[in-house]
Number of protein chains: 2
Amino acid sequence: MAKAITSRAEDYSQWYNDIVKKASLAEHSAVRGCMVIKPHGYGIWEMMKAQLDSMFKETGHVNAAFPLLIPKSFLSKEADHVEGFAKECAVVTHHRLMKDPDGKGVVVDPKAKLEEELIIRPTSETIIWNTYRDWIKSYRDLPLLINQWANVMRWEMRTRLFLRTSEFFWQEGHTAHSTAKEAIEETLLILDIYAKFAEEYMAMPVMKGVKTANERFAGAEDTYTIEGLMQDGKALQAGTSHFLGQNFAKAFNVKFSNADNKEEYVWATSWGVSTRLIGGMIMTHSDDDGLIIPPKLAPNPVVIIPIPKPNDQIDVVAQELIAKLKSLGIRAQYDRDPKKRPGFKFAEHELRGIPVRVGIGMRDLDKGQIEIARRDTKEKSYIPVGGAPQYIQELLDAIQSNLFEKAKKYRDEHITSADDFTTFKEVLESNGGFVSAHWDGTTETEKKIKELTKASIRCIPLNNPQEEGQCVLTGNPSKERVLFAKAY
Amino acid sequence: MAKAITSRAEDYSQWYNDIVKKASLAEHSAVRGCMVIKPHGYGIWEMMKAQLDSMFKETGHVNAAFPLLIPKSFLSKEADHVEGFAKECAVVTHHRLMKDPDGKGVVVDPKAKLEEELIIRPTSETIIWNTYRDWIKSYRDLPLLINQWANVMRWEMRTRLFLRTSEFFWQEGHTAHSTAKEAIEETLLILDIYAKFAEEYMAMPVMKGVKTANERFAGAEDTYTIEGLMQDGKALQAGTSHFLGQNFAKAFNVKFSNADNKEEYVWATSWGVSTRLIGGMIMTHSDDDGLIIPPKLAPNPVVIIPIPKPNDQIDVVAQELIAKLKSLGIRAQYDRDPKKRPGFKFAEHELRGIPVRVGIGMRDLDKGQIEIARRDTKEKSYIPVGGAPQYIQELLDAIQSNLFEKAKKYRDEHITSADDFTTFKEVLESNGGFVSAHWDGTTETEKKIKELTKASIRCIPLNNPQEEGQCVLTGNPSKERVLFAKAY
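Now for a look at the structure at hand. (Residues numbered from 1 in each chain as written. Chains lettered and ligands numbered in written order. Predicted model: local features only at pLDDT ≥ 70, side-chain atom pairs only at ≥ 80, totals over all residues. Heavy atoms only, no water.)

### Topic: the overall build of chain A
Consideration 1: Helix and strand content of chain A: 14 helices and 25 strands.
Consideration 2: Computed over C-alpha atoms, the radius of gyration of chain A comes to 26 Å, within 12% of the 23 Å expected from 2.2 N^0.38 for 488 residues, which places it in the range of a compact globule.
Consideration 3: If you line up chain A on its principal axes, its C-alpha atoms span 80 × 70 × 55 Å.
Consideration 4: A burial count over chain A gives 59% of its 488 residues as buried.
Consideration 5: When the accessible area of chain A is evaluated, it comes to approximately 19,800 Å², of which 48% is carbon and sulfur surface.
Consideration 6: The distance from the centre of the 65 positive side-chain charges to the centre of the 68 negative ones in chain A is 5 Å. (Helix = DSSP H or I, 4+ residues; strand = E, 2+ residues; numbered from the N terminus. Rg over C-alpha atoms; globule rule 2.2 N^0.38 Å. Buried < 20%, exposed > 50% of the residue type's maximum accessible area, 1.4 Å probe, protein only. Areas by Shrake-Rupley, 256 points an atom, 1.4 Å probe, with all protein chains shown as cover. Lys, Arg positive; Asp, Glu negative; His and termini not counted. Charge placed at Lys NZ, Arg CZ, Asp CG, Glu CD.)

### Looking at the relation of the copies chain B and chain A
Consideration 1: Superposing chain B onto chain A requires a rotation of 180° together with a translation of 0.0 Å along the rotation axis, leaving an RMSD of 0.0 Å. Such a combination of rotation and displacement between the chain copies is what one expects of a two-fold axis. Among all residues of chain B, the one whose C-alpha sits closest to the rotation axis is Val92(B), at a distance of 2.1 Å.
Consideration 2: Residue by residue, 100% of the interface of chain B is reproduced at the interface of chain A, so both copies engage with the same surface. (Least-squares fit on C-alpha atoms with pLDDT ≥ 70 in both. Contact = heavy atoms within 4.5 Å.)

### Observations concerning the packing of aromatic side chains
All names here are of chain A.
Consideration 1: Applying the stated criterion across every chain, the model contains 30 aromatic pairs over all chains.
Consideration 2: Aromatic side chains Phe197 and Tyr201 sit 5.9 Å apart centroid to centroid with 10° between the ring planes, which places their arrangement in the stacked category. Here Tyr201 and Phe197 lie together in helix α6 (residues 180-201), a separation of four residues that amounts to about one turn.
Consideration 3: Classification of Phe197 by relative accessible area gives buried; the value is 2%. (Phe/Tyr/Trp six-rings, centres within 6.5 Å; stacked < 30°, edge-to-face > 60°.)

### Brief notes about the sheet that holds strand β17 (residues 332-334) of chain B
Residues and elements named next belong to chain B.
Consideration 1: The strand order β17-β16-β18-β19-β20 describes an open sheet built from five strands, whose pairing is mixed. Edge positions in the sheet fall to β17 and β20 (380-384), since each has one partner strand and no second. Each neighbouring strand pair of the sheet contributes to a mean axis angle of 25°, computed without reference to strand direction.
Consideration 2: Bridge count for strand β18 (residues 356-361) against strand β19 (residues 369-374) is four bridges, and the pairing is antiparallel. (Pairing = 2+ DSSP bridges. Axes fitted to C-alpha atoms, helices over the stretch in contact; angles between N-to-C directions.)

### Let's talk about the pattern of salt bridges
Consideration 1: Following the criterion strictly, the structure yields 60 salt bridges over all chains and no others.
Consideration 2: Between Arg374(A) and Asp376(A) there is a salt bridge, with the nearest N and O atoms lying 2.7 Å from each other. Residue Arg374(A) shares its accessibility class with Asp376(A), and that shared class is buried.
Consideration 3: Members of the salt-bridge network, linked through shared partners, are Glu46(A), Asp53(B) and Lys57(B). (Salt bridge = Lys/Arg side-chain N within 4 Å of Asp/Glu carboxyl O.)

### Quick notes on the side chain of Asn151(A)
Consideration 1: Mapped onto the fold, Asn151(A) is located in strand β8 (residues 144-153).
Consideration 2: Asn151(A) sits in the buried class, given a relative accessible area of 5%.
Consideration 3: Side-chain polar atoms of Asn151(A) contact the side chain of Glu167(A), separated by 3.1 Å.
Consideration 4: Ignoring anything within four residues of it in the chain, the contact list for Asn151(A) reads Leu68(A), Arg121(A), Glu167(A), Phe168(A), Phe169(A), Leu68(B), Arg121(B) and Asn151(B). (Polar contact = N/O pair within 3.5 Å; in protein donor to acceptor, adjacent residues only side chain to side chain.)

### Section: empty space enclosed by the protein
Residues and elements named next belong to chain A.
Consideration 1: All chains considered together, the criterion is met by one cavity of 30 Å³ or more.
Consideration 2: Looking at the largest cavity, its volume works out to about 70 Å³.
Consideration 3: Along the walls of the largest cavity sit Val317, Glu320, Leu321, Lys324, Ile370, Val385, Gly386, Ala388 and Pro389, which together make up its complete lining.
Consideration 4: Of all the secondary-structure elements, those providing two or more residues to the lining of the largest cavity are α9 (312-327) and α12 (388-413).
Consideration 5: Sorting elements by how many residues they give to the lining of the largest cavity places α9 first, with four residues.
Consideration 6: The residue makeup of the lining of the largest cavity, split by class, is six nonpolar, one polar and two charged. (1 Å grid on protein atoms, 1.4 Å probe; cavity = no way out; pocket = protein on both sides within 12 Å on 5 of 7 lines; lining within 4 Å. Points joined across faces, edges and corners; volume = space filled by probe spheres on them. Nonpolar A, V, L, I, M, F, W, Y, C, P; charged D, E, K, R; others polar.)

### Regarding the interface of chain B and chain A
Consideration 1: The interface of chain B with chain A comprises 65 residues on the first partner and 65 residues on the second.
Consideration 2: Contact between chain B and chain A buries roughly 5,000 Å² in total, counting both sides, with carbon and sulfur atoms accounting for 66%.
Consideration 3: Taken together, the links from chain B to chain A amount to six salt bridges.
Consideration 4: Taken together, chain B and chain A are joined by 30 residue pairs in polar contact (both at pLDDT 80 or more).
Consideration 5: Among the elements that make up the side of chain B that touches chain A, the one with the highest residue count is strand β5 (residues 88-99) of chain B (11 residues).
Consideration 6: Where strand β5 (residues 88-99) of chain A and β5(B) come together, five bridges link them in antiparallel fashion. (Buried area = accessible area lost by both parts, 1.4 Å probe.)

This is the structure in structure tokens:
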């Protein structure tokens with residue numbers, strides 16, 4: 001099959017690219033920086049979306065859709081936001097093509113120039129808060145708890161599939177509240193949902209924390225984050241939840257009358273996770289043989305393969321197993337294709353990360369058993385046909401737990417305290433991972449450390465223990481440790 | 001509340017706009033031609049998506065995501081396609097903004113001009129077939145049965161919410177096959193899915209047929225359509241399924257080796273339905289009091305209202321009812337808000353089209369009953385508390401059927417045969433609806449009739465009876481009747 005992938009030890013970056021390509025998750029498109037998400041990758045995204053969407057809805061959020069395009073002037077209305085987002089972006093300047101008068105193709109019709117350029121949304125705070133102005137009049141209209149699933153575009157110079165692409169897919173929640181307290185609670189509620197999703201569904205342990213001023217979302221008062229740790233010791237920002245204060249309400253003049261009939265600016269949050277999560281999932285679990293999908297995110301967590309090829313008896317056993325698994329809420333596919341040999345199929349589904357593989361062969365059936373293999377540890381067992389559904393159900397739970405525990409062990413082994421800058425640098429170069437160190441609280445020091453080591457402050461952990469200490473770079477006094485890491 | 005809406009008799013067009021606005025379905029945005037779909041409207045779209053998506057998946061289709069942007073040159077590669085789509089579209093010419101050197105805002109950075117302009121996809125055949133070239137090598141790679149849920153953009157000059165907007169949301173299926181026969185079967189399979197969805201879920205009867213050459217999708221060999229009939233006697237094209245022949249395969253050089261190891265061009269289909277369906281749903285069922293949502297498309301088909309306000313006993317009855325309905329697979333919401341009076345809530349939920357309203361009041365509870373009202377006929381019944389879940393379940397089915405039967409009766413009463421042009425015009429002006437008439441088969445006549453009457457040929461019905469006749473305009477010989485109508 002020529003599907004061998006580069007090992008992590010040899011070249012981690014190439015290993016990642018190989019998995020994305022050879023597990024048929026995504027590829028680059030003809031348009032610079034924009035990806036094609038292939039069916040296998042998109043199936044995982046659909047699982048992520050469905051789970052997150054239900055968690056948002058259970059907590060009272062509803063979905064809506066706002067325009068793809070944003071008038072250029074909107075970006076300038078919030079001072080910090082414009083600094084952050086009015087840079088590399090796709091600008092629509094014309095609305096018509098015409099036949100090339102000198103040739104065969106089409107050209108932009110110079111008469112169809114827009115009065116004001118439109119930007120493909122890099123994020124939607126501006127257009128949404130411009131809309132909320134008409135929706136919010138009174139405290140009775142609050143809170144507004146709205147999310148949208150959307151594509152956004154940031155003109156990235158260096159792209160990597162899932163991790164950083166010009167167009168990407170995400171959800172962006174935009175909520176409006178009558179008090180700062182309620183908005184902050186919302187910000188933290190969402191952070192908890194993100195952390196729960198990462199840990200219980202993606203099996204990816206995360207650190208919850210708040211960003212430094214330097215790493216904040218452009219326009220936020222506070223940015224909360226969940227940070228995962230990849231197998232190469234680099235951190236991945238996996239989701240962020242922003243308390244926006246009254247910044248966008250002021251920029252777009254969104255006021256409400258409170259219960260005392262006084263006008264106030266509305267309080268806001270925004271929050272998002274994106275297709276980047278797929279990159280996080282890949283780098284948390286996969287091995288040198290390919291992708292490993294946590295069972296809860298696998299569109300089909302079980303694949304059944306006839307050995308060496310299908311016949312009536314195997315078909316019946318397979319169909320009965322599929323039906324029984326379905327009654328347990330487990331989706332299974334039967335890879336019946338008689339043109340391909342079992343060895344090819346085994347390799348293919350291993351590469352594609354299917355959590356459980358069931359082999360049904362006549363020799364085993366004569367003994368009343370089938371072969372069940374788990375993707376994570378590659379252990380194989382021979383299980384009586386009648387006990388297989390129950391066994392598979394438990395095995396899927398075991399795989400889900402094992403992936404999380406393994407990732408958590410790795411993560412916990414890669415949080416290292418450093419009290420001087422030599423140690424700090426040594427840890428980053430050898431063990432990698434998070435370095436827990438004192439920092440003097442200035443952006444200047446933060447930037448200097450990043451310049452010297454490529455490590456940024458990933459977050460100040462929530463409920464961070466307070467302790468007297470000295471900044472690892474400057475020796476200036478510090479009251480708490482923060483988490484540094486090199487990051488994607 | 002000042003929520004009264006214009007009656008259909010008074011001004012049908014304004015009635016439609018009023019419903020869209022006052023039932024909080026959608027509104028125009030700050031960006032010309034682009035809509036905001038509000039949570040209530042988006043909830044209906046989510047119901048449509050979920051149902052269609054499951055129908056696509058049951059028939060072997062998978063989802064994927066292709067880029068938002070298309071290189072300008074791609075549009076020129078298929079001769080008919082460029083005529084149809086390289087016109088009014090959003091053109092991205094630059095990829096960066098910069099601070100206005102003369103002012104406070106931001107301007108387009110002239111140095112960031114793209115080498116080749118990019119078009120926001122008006123439809124994705126070109127970028128997808130450019131991608132398929134690498135995916136398809138052999139007959140073993142076929143069929144490819146791929147769909148995407150996406151936003152697309154056509155720079156419309158005159159827009160109407162849901163019916164015609166610059167940005168809209170849709171699904172677009174793009175399949176690849178090894179034979180023409182298989183591709184045509186796919187085209188018709190999808191047409192059947194669309195018709196089934198329209199009739200069984202939207203309760204909107206449709207005519208299935210094929211478009212004339214003049215009304216074909218740009219680049220198709222044949223376009224199949226489902227056509228609904230709105231309450232003003234105008235037709236609505238609700239979904240189309242295209243047999244694309246080998247046109248896009250040839251334009252993008254997509255070949256496969258067949259079983260005899262010979263190279264052939266791949267056969268293609270594409271098909272789509274969009275947020276326009278929401279417009280069709282509104283205009284098929286709603287009345288002068290507001291929206292009517294078919295139960296199968298209502299995110300919450302039942303609303304429960306305490307009369308006159310909630311108390312412990314009412315809360316208990318409401319929660320028990322919600323739980324029992326849930327066990328029957330029926331979602332219900334409890335509009336408990338003590339700040340609003342029942343009359344306000346009744347009017348609000350009527351306007352928003354909730355199929356079943358349950359009133360729980362102390363006086364009724366003393367008699368062991370609750371009040372259940374249906375939105376379509378406005379009939380009210382008093383039902384024993386214990387029997388309510390079962391009653392509601394049956395009532396929802398009855399409403400779904402009633403809406404379909406009523407719409408079908410209207411539609412059937414609005415198909416009129418016309419054998420001369422005077423009758424043809426009279427029918428269009430008086431009764432409206434579909435006019436079944438002979439046509440000589442030329443585009444010239446078709447265009448002339450449209451010019452004279454505004455009626456276009458909606459379709460040549462599938463399995464159309466063959467009969468000798470004379471064209472209603474020219475008197476030239478004709479072998480079958482076709483369906484004319486004024487249309488959205």
